Amino acid sequence: MKGSQSSLYQELQGLIAKHQKELALLQALSNTELKQQPAPDKWSALECMEHLCRYGDFYLPEVKRAGQSAAKLKADRFKSSWLGEYFTASMWPKEGFKTMNTFKNMNPSLSDTRMEVLEQFETQLKAWAILVADLKDRDWQKTKTGISISSLIKLRLGDTLRVVFYHHERHMRQAFRAAGLES
């Protein structure tokens, strides 16, 4: 991605609002609908939400920490690094996209996912909205964050935010399919 940070900010705020609306639709479903799996080896809607919450538990404090030391934005531009572009492209759901294996500690099918995970994800989305707004005037290109898969890899803050919200998009679509809200 090459463009302005303000356009990236608008995109992220749009995704947050979209995911909040979609979450409200999921919250209106029954426990049975939320726990149904489309196939034995596929996640239910609740498991998708649990997976997103687990990643939120890592990325919310990581982004907040990085943002606290971020310099003020001097020029309204943002360019992804090649690695950031690779990770964001792999997250965005597209026609015929491949499923990915997840790390054991992020796999919700290995635990008993409860309805409370919807409230937890709602709380995280609200925290993301506030955090992204608080970071609007900080430099997302020069600021680096750690990523969940390795402490050795650092991404630009803007790339990390794209990965987080593209990951949300991927699993919100998966949750909707699992709950029978879309084909």
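Up top is the structure these notes are about.
Residues numbered from 1 in each chain as written. Predicted model: local features only at pLDDT ≥ 70, side-chain atom pairs only at ≥ 80, totals over all residues. Heavy atoms only, no water.

**Student:** Break down the packing of aromatic side chains for me, citing the residues and quoting the values.
**Tutor:** Inspection of every chain in the model, using the stated rule, returns six aromatic pairs. When the ring of Y9 is compared with that of W140, the centres are 6.5 Å apart and the planes differ by 50 degrees; the resulting orientation is tilted. Here Y9 is found in helix α1 (residues 5–27), whereas its partner W140 is found in the loop between α5 (116–134) and β3 (144–147), with 131 residues between them in sequence. A residue is classified by how much of its surface remains accessible, and Y9, at 11% relative accessible area, is buried. Site record: aromatic cluster; members linked through ring pairs are Y55, F58 and Y59. (Phe/Tyr/Trp six-rings, centres within 6.5 Å; stacked < 30°, edge-to-face > 60°. Helix = DSSP H or I, 4+ residues; strand = E, 2+ residues; numbered from the N terminus. Buried < 20%, exposed > 50% of the residue type's maximum accessible area, 1.4 Å probe, protein only.)

**Student:** Tell me what's going on with helix α6 (residues 157–178), and back it up with residues and numbers.
**Tutor:** For α6, spanning 22 residues, the distance from its first C-alpha to its last is 31 Å, which sits close to the expected 32 Å at 1.5 Å a residue. The buried count for α6 comes to 20 of 22 residues, which makes it a mostly enclosed element. Residue G180 follows α6 closely and has a positive phi angle near 80 degrees. (Expected span 1.5 Å × (residues − 1).)

**Student:** Lay out the pairing of strand β4 (residues 150–156) with the relevant residues and their values.
**Tutor:** With four bridges connecting them, β3 and β4 associate as antiparallel partners. Bridging across to β4, T145 finds its partner in L155. Turn length for the β3-β4 hairpin, with the two strands adjacent in sequence and antiparallel, is two residues. (Pairing = 2+ DSSP bridges.)

**Student:** Before we move on, could you go through the pattern of salt bridges and cite the residues and values that matter?
**Tutor:** Throughout the structure, instances matching the rule amount to seven salt bridges. Between K18 and E169 there is a salt bridge, with the nearest N and O atoms lying 2.8 Å from each other. Taken together, the residues K18 in helix α1 and E169 in helix α6 connect sequence positions 151 residues apart. The class for K18 is partly exposed, based on a relative accessible area of 32%. Measuring nitrogen to oxygen at the nearest pair gives 3.8 Å for the salt bridge that ties R162 to D159. Placement of both R162 and D159 in helix α6 is noted, with a separation of three residues, approximately one turn of the helix. Overall, D159 belongs to the buried group, its relative accessible area being 0%. Here the salt bridges share partners, and the residues they tie into one network are K18, E22, E169 and R173. (Salt bridge = Lys/Arg side-chain N within 4 Å of Asp/Glu carboxyl O.)

These figures capture arrangement, not role.
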